[in-house]
Amino acid sequence: MTTPKKQGPTPGPWEVGDPDVHGRKVYGPVVDDYADPGELAVIAEGMTEPNARLIAAAPEMLEVLRLLDHAVDRQTGHVSIGAVQTAAIAARAVIAKATGGAK
């Protein structure tokens, strides 16, 4: 008996493609057993530039949230300052990706 794969979001990185007449597309890796390494799939299409950047940053945003979650001990509530600093650095990079460098 085969155990089904756990479904989750398409892993990153996701990238914004060049514009076409319908707007921008966001691409991410193909996740199936038959895909060639590096093969890309369309994650979203018809996006404006700002929305495409925001969508493309989603995997990194999820990772930053996981870093923040791990910075706080769930039993004691102790906060690791080093882990928060690491998450803050990662968050700044994700914000820049999502906003095109705008603050």
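None of the values given here were measured: they were computed from a predicted structure. (Residues numbered from 1 in each chain as written. Predicted model: local features only at pLDDT ≥ 70, side-chain atom pairs only at ≥ 80, totals over all residues. Heavy atoms only, no water.)

Trainee: Which residues make up the pattern of salt bridges, and what values do they have?
Mentor: In the structure shown here, the tally under the stated rule is four salt bridges. Two residues, Asp-69 and Arg-74, come together in a salt bridge whose shortest N-O distance is 2.5 Å. In this structure Arg-74 comes out as exposed when scored by relative accessible area, which is 69%. Members of the salt-bridge network, linked through shared partners, are Arg-24, Glu-49 and Arg-53. (Salt bridge = Lys/Arg side-chain N within 4 Å of Asp/Glu carboxyl O. Buried < 20%, exposed > 50% of the residue type's maximum accessible area, 1.4 Å probe, protein only.)

Trainee: Report on unusual backbone geometry, specifying residues and quantitative values.
Mentor: At the junction of Gly-12 and Pro-13, the peptide bond is cis and its omega measures out at 0° in the coordinates. Residue position: Pro-13 is located in the segment before strand 1 (15-16). (Helix = DSSP H or I, 4+ residues; strand = E, 2+ residues; numbered from the N terminus.)

Trainee: Quick rundown of the pairing of strand 2 (residues 24-29)? Include the residues and the values.
Mentor: Every regular strand shows the same layout, with side chains that alternate between the two sheet faces. Sheet analysis places strand 1 next to strand 2, joined by two bridges and oriented antiparallel. By the bridge assignment for strand 2, Glu-15 is matched with Tyr-27. The pairing of strand 2 with strand 3 (residues 40-47) spans five bridges and is antiparallel. Along strand 3, the bridge assignment pairs Arg-24 with Met-47. (Pairing = 2+ DSSP bridges.)

Trainee: Give me the lowdown on the nonpolar core, citing residues and values where you can.
Mentor: Within the largest apolar cluster, five residues are counted, these being Trp-14, Val-26, Ala-44, Ala-52 and Ala-56. Once residues lying within four places of it in the same chain are set aside, the contact partners of Ala-52 are Val-16, Arg-24, Val-26 and Met-47. (Core = buried A, V, L, I, M, F, W, Y, C linked by side-chain atoms within 4.5 Å. Contact = heavy atoms within 4.5 Å.)

Trainee: I'd love a proper account of the packing of helix 1 (residues 49-56) against helix 3 (residues 81-99), names of residues and values included.
Mentor: In contact at an axis separation of 7 Å, helix 1 and helix 3 are set at 150° when each is read in the N-to-C sense. Looking at the two axes, helix 1 sits roughly antiparallel to helix 3. Across the interface between the two elements, Pro-50, Arg-53, Leu-54 and Ala-56 from helix 1 touch Lys-97, Ala-98 and Thr-99 from helix 3. Considering only residue class, the contact of helix 1 with helix 3 consists of four nonpolar, one polar and two charged. (Axes fitted to C-alpha atoms, helices over the stretch in contact; angles between N-to-C directions. Parallel < 35°, antiparallel > 145°, perpendicular 65-115°, else oblique. Nonpolar A, V, L, I, M, F, W, Y, C, P; charged D, E, K, R; others polar.)

Trainee: Go over the sheet that holds strand 3 with me, naming the residues and quoting the values.
Mentor: What the three strands build is an open sheet, ordered 1-2-3; its pairing is antiparallel. What marks the edges here is a single partner per strand, and that holds for strand 1 and strand 3.

Trainee: Go over helix 2 (residues 58-71) with me, naming the residues and quoting the values.
Mentor: An ideal rise of 1.5 Å per residue puts 20 Å on 14 residues; helix 2 measures up with 20 Å between its terminal C-alpha atoms. Restricting attention to buried positions, one finds in helix 2 the residues Pro-59, Val-64 and Ala-71. Within helix 2, the buried residues cover an arc of 140° as seen down the axis, which keeps them to one side. Looking at the buried side of helix 2, the elements it contacts are helix 1 and helix 3. (Expected span 1.5 Å × (residues − 1). Arc of directions from axis to C-beta.)

None of the figures reported here should be taken as evidence of function without further support.
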